[in-house]
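# Survey of secondary and tertiary structure
One-letter residues, chain by chain:
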Amino acid sequence: MPTPESQCPITTDKKISIAPSVMCADLCNLETDIRELEKSGINLLHFDLMDAHFVPNMPIGLALIEQLRQKTDCAFDIHLMVQNNDFFVEAVANIGVQQVAVHAESAIHLDRTLSVIQGHGIKAGVALNPATPLSAIAYVIDRLDFVLIMTVNPGFAGQKLVPATLQKISDCQAFLNERSVNLPIEVDGNVSFENIPKMVAAGADILVGGSSSVFHKSGSRAENIQQIHQVISVGLAKRGV
Ligand code: DX5
Ligand code: ZN
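Keep in mind that this is a model prediction, so the values were computed, not measured. (Residues numbered from 1 in each chain as written. Chains lettered and ligands numbered in written order. Predicted model: local features only at pLDDT ≥ 70, side-chain atom pairs only at ≥ 80, totals over all residues. Heavy atoms only, no water.)

So, on to the packing of aromatic side chains. With the rule as written, the count across this model stands at 2 aromatic pairs. Ring geometry for F47 versus F76: centroids 4.6 Å apart, planes at 50°, classification tilted. Placement of the pair is F47 in strand β2 (residues 44-50) and F76 in strand β3 (residues 75-81), with a sequence separation of 29 residues. The same class applies to F47 as to F76, namely buried. (Phe/Tyr/Trp six-rings, centres within 6.5 Å; stacked < 30°, edge-to-face > 60°. Helix = DSSP H or I, 4+ residues; strand = E, 2+ residues; numbered from the N terminus. Buried < 20%, exposed > 50% of the residue type's maximum accessible area, 1.4 Å probe, protein only.)

Attention shifts here to the site of ligand 1. Surrounding ligand 1, one finds 20 residues, the nearest of these being D48, G155, G158, S211 and S212. Separating an oxygen atom of ligand 1 from a side-chain N or O atom of D48 is a distance of 2.7 Å. A distance of 2.4 Å is found between an oxygen atom of ligand 1 and a side-chain nitrogen or oxygen belonging to S211. Here ligand 1 has 380 Å² of accessible area as a free molecule, and 100% of this is covered by the chains. Listing elements by their share of the shell around ligand 1, those giving two or more residues are β2 and β3. Residue composition of the shell around ligand 1, by class: 8 nonpolar, 10 polar and 2 charged. (Near = heavy atom within 4 Å. Polar contact = N/O pair within 3.5 Å; in protein donor to acceptor, adjacent residues only side chain to side chain. Areas by Shrake-Rupley, 256 points an atom, 1.4 Å probe, with all protein chains shown as cover. Nonpolar A, V, L, I, M, F, W, Y, C, P; charged D, E, K, R; others polar.)

Averaged over the chain, the pLDDT score is 94; the fraction of residues at 70 or greater is 93%. For the chain, per-element mean pLDDT is lowest for helix α1 (residues 4-7), which scores 46, and highest for strand β6 (residues 146-150), which scores 99. Across residues 10-14, confidence stays below pLDDT 50; counting only partners more than four residues off in sequence or on other chains, it has 14 contacts. (pLDDT = per-residue confidence, 0-100. Contact = heavy atoms within 4.5 Å.)

Mapped onto the elements of the fold, Q159 is located in the loop between β6 and α6 (164-178). Residue classification places Q159 among the partly exposed positions, given a relative accessible area of 25%. Taking C-alpha positions, Q159 is 28 Å from Q67, a pair spaced 92 residues apart along the chain. The contacts of Q159, once residues within four sequence positions are left out, are V152, N153 and N190. Of note is the side chain of Q159, whose polar atom sits 2.7 Å from the backbone oxygen of N153.

Where helix α5 (residues 110-119) is concerned, the buried positions are L110, T113, L114 and I117. The buried residues of α5 occupy one face: seen down the axis, they fall within an arc of 100°. The exposed set on the far side of α5, more than 90 degrees from its buried face, consists of R112 and G119. G121 sits one or two residues past α5 and shows a positive phi near 80°. (Arc of directions from axis to C-beta.)

This part takes up helix α4 (residues 85-95). Residues N85, F88, V89, A91, V92, A93 and I95 constitute the buried set of α4. Those residues of α4 that are buried lie in contact with β2, α3 (62-69), β3, β4 (99-103) and α5. One or two steps after α4, the chain reaches G96, where phi turns positive at roughly 105°.

Turning our eyes to something else, we now look at the sheet that holds β2. One open sheet holds the 8 strands; their spatial order is β1-β8-β7-β6-β5-β4-β3-β2, and the pairing between them is parallel. With one partner strand each, in any of the chains shown, β1 (17-20) and β2 form the two edges of the open sheet. Strand-to-strand twist across the sheet, computed as the mean angle between neighbouring axes with direction ignored, equals 25°. Pairing of strand β5 (residues 123-128) with β6 involves 4 bridges; the strand directions are parallel. Note that in β6 the partner of G125 across the bridge is F146. (Pairing = 2+ DSSP bridges. Axes fitted to C-alpha atoms, helices over the stretch in contact; angles between N-to-C directions.)

What follows is the structure, encoded as structure tokens:
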């Protein structure tokens, strides 16, 4: 099992990471999927942990994450979409995960929750719904390890991008630059082959790959990841890197 500090692939060097969204995998044959992802160079897995209250869905639970922890060395990226953040932070910290994002819209004591996450040696991020302004992170920016920009309304795979969120990724990059803060920007929701170049050009560093890319029905996991790398290059060229 990777230790939180040593194996987390989140960096600030602007290298793009792909984080496959486990809720979009073949949940009846998950180990087969994980092995194929690992062979394609994946070292970060995204888990959407929902409670059917903050969002009206509950695709995967703690037991699945705990069992998978024993099966792979990939770093675990937990996206909490829950009302009771403190309960879930403790639960995933006990399992051994590397990064956790809490929603600004649900974390009442956001600063304290981020500090609890980091107290466990876990990277802490804030997730923002499409309609939530960037100002929600202004006064916790000094303790953040990453920002998660939702590009769909959270809760379900297979949705269409909320168009304004592309501008929001650029605005987030500018917001960080203005404050001389170098943090990775994670993007989640309809991170498709078509949208990836625009997202990367706008400043996205961590791409959550769900049904519209890594698990797209048109190809195998390996073929899809290869295609993602190609479209990332297109985005990086537009970004001028
Ligand atoms: C949505 C989830 C995403 C989802 C993305 O609430 O946070 O991780 O799996 O999948 P697609 O690519 O289908 O939008
Ligand atoms: Zn997610």
